[in-house]
Amino acid sequence: PTVVNNVETLANVPAIIARGAEWFAAIGPAKSPGPKIFAVSGCVQKPGNYELPMGTTLREIIFDAAGGLREGRKFKGVLPGGSSTPVLLEQQLDTPMDFDAVAAAGSMFGSGAVIVLDDLVCIVKTAARLVRFYAHESCGKCTPCREGTPWLASILDAIEAGRGETGDLELLEDIARGISGKTFCPLGEAALGFLGSSLKHFREEYVAHIQAKRCPMGVDAA
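This text gives an overview of the structure that appears in the document. These numbers come from a predicted model, not from an experiment. (Residues numbered from 1 in each chain as written. Predicted model: local features only at pLDDT ≥ 70, side-chain atom pairs only at ≥ 80, totals over all residues. Heavy atoms only, no water.)

## Here's the deal with helix α1 (residues 7–19)
At step 1: Taking 1.5 Å as the rise per residue, α1 with 13 residues should run 18 Å; its terminal C-alpha atoms sit 19 Å apart, in good agreement.
At step 2: For α1, the N-terminal cap is asparagine 6; the gap from its side-chain oxygen to the backbone nitrogen of glutamate 8 is 3.2 Å.
At step 3: Of the residues trailing α1, glycine 20 is marked for its positive phi of about 100 degrees. (Helix = DSSP H or I, 4+ residues; strand = E, 2+ residues; numbered from the N terminus. Expected span 1.5 Å × (residues − 1). Polar contact = N/O pair within 3.5 Å; in protein donor to acceptor, adjacent residues only side chain to side chain.)

As structure tokens, this is what we get:
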């Protein structure tokens, strides 16, 4: 067996040795103690890495640490733990960033990479970009991921380009069911996190693309 620790984990060791385990355990919630480096990106004034106690709310991370949204923009959603995690909505901004609380809100803590979306962001384009990334990263070993992720990406690209068809959303969901729980590693599942949640919470945006035969967000959509 091989023990693999990342730099963030190892960086905590000297402070724990110097100050004691009780000091470390007193930071943040009891079940998810310690500090965490939150990597905030997307539609915020001050993207960057912020070291904060576990249990800090998404609202505090986005609006206090990262300076809030871009001038004149409205909050649309946030991926709390990186590109593989389901999107959370404005009413969930007070979710504490710890493993249990984020799971209870319907997403995953993941890597703590907080990706913020504002009202200029096209949900379909975002889903297409994220799924295309996972299709590219697939090692090709298992059929559901090797064949399923490029298929998802091609449908999403078509919808965004104005070539969407009736039944595409149901097809996306059917392909996702064919991937979920059927891959050798979690990469195939990772491609479904944002896609599935966006189809649930922003389905009308997908429908608008298909009906209008174009992206209704316009040329400024991120």
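## Here we look at the pairing of strand β1 (residues 35–42)
Successive side chains on a regular strand alternate, one facing one side of the sheet and the next facing the other.
At step 1: In the sheet, β1 pairs with strand β2 (residues 48–53) via six bridges, with the strands oriented antiparallel. Counterpart to valine 40 in the pairing with β2 is glycine 48.
At step 2: Here β1 folds back onto β2, and the loop between the two strands holds five residues.
At step 3: As defined by bridge partners, β1 adjoins strand β4 (residues 113–118) across four bridges and the pair is classed as parallel. Bridge pairing links valine 40 to valine 114 in β4. (Pairing = 2+ DSSP bridges.)

## Observations regarding the pattern of salt bridges
At step 1: One pass over the structure, following the stated rule, counts 10 salt bridges.
At step 2: Notably, a salt bridge pairs aspartate 119 with arginine 73, separated by 2.7 Å at the nearest N-O pair. Here aspartate 119 is found in the loop between β4 and α5 (123–137), whereas its partner arginine 73 is found in the loop between α3 (58–65) and β3 (75–79), with 46 residues between them in sequence.
At step 3: Looking at arginine 73, the relative accessible area reads 28%, which means it is partly exposed.
At step 4: Taking the shortest distance from any N to any O, the salt bridge between glutamate 173 and arginine 203 comes out at 2.7 Å. (Salt bridge = Lys/Arg side-chain N within 4 Å of Asp/Glu carboxyl O. Buried < 20%, exposed > 50% of the residue type's maximum accessible area, 1.4 Å probe, protein only.)

## Some thoughts on the sheet that holds β1
At step 1: Here four strands make up an open sheet; going across it, the order is β2-β1-β4-β3 and the pairing mixed. Both edges of this open sheet fall to β2 and β3, since each of them pairs with a single strand only. Averaged over all neighbouring strand pairs, the angle between strand axes comes to 30 degrees, with direction disregarded. (Axes fitted to C-alpha atoms, helices over the stretch in contact; angles between N-to-C directions.)

## Here we look at the packing of aromatic side chains
At step 1: For the structure on display, the rule yields four aromatic pairs.
At step 2: Note on phenylalanine 133 and tyrosine 134: the rings are 4.9 Å apart at their centroids and 75 degrees apart in plane angle, and the pair reads as edge-to-face.
At step 3: Overall, the relative accessible area of 42% leaves phenylalanine 133 in the partly exposed class.
At step 4: Among the aromatic side chains, those forming a connected cluster through ring pairs are Phe38, Phe99 and Phe109.
At step 5: Sitting above the plane of the phenylalanine 184 ring, lysine 141 keeps its charged end 4.7 Å from the centroid. (Phe/Tyr/Trp six-rings, centres within 6.5 Å; stacked < 30°, edge-to-face > 60°. Lys NZ or Arg CZ within 6 Å of the ring centre and 35° of its normal.)

## With respect to the packing of α5 against helix α10 (residues 203–212)
At step 1: Between α5 and α10, whose axes approach to 9 Å, the crossing angle comes to 95 degrees. Classified by the interaxial angle, the pair formed by α5 and α10 is roughly perpendicular. Two secondary-structure elements touch here, α5 through Ile123, Val124 and Ala127 and α10 through Glu205, Tyr206 and His209.
At step 2: Across the contact of α5 with α10, the residue classes tally to four nonpolar, one polar and one charged. (Parallel < 35°, antiparallel > 145°, perpendicular 65-115°, else oblique. Contact = heavy atoms within 4.5 Å. Nonpolar A, V, L, I, M, F, W, Y, C, P; charged D, E, K, R; others polar.)

Honestly, it's all geometry; don't read function into it.
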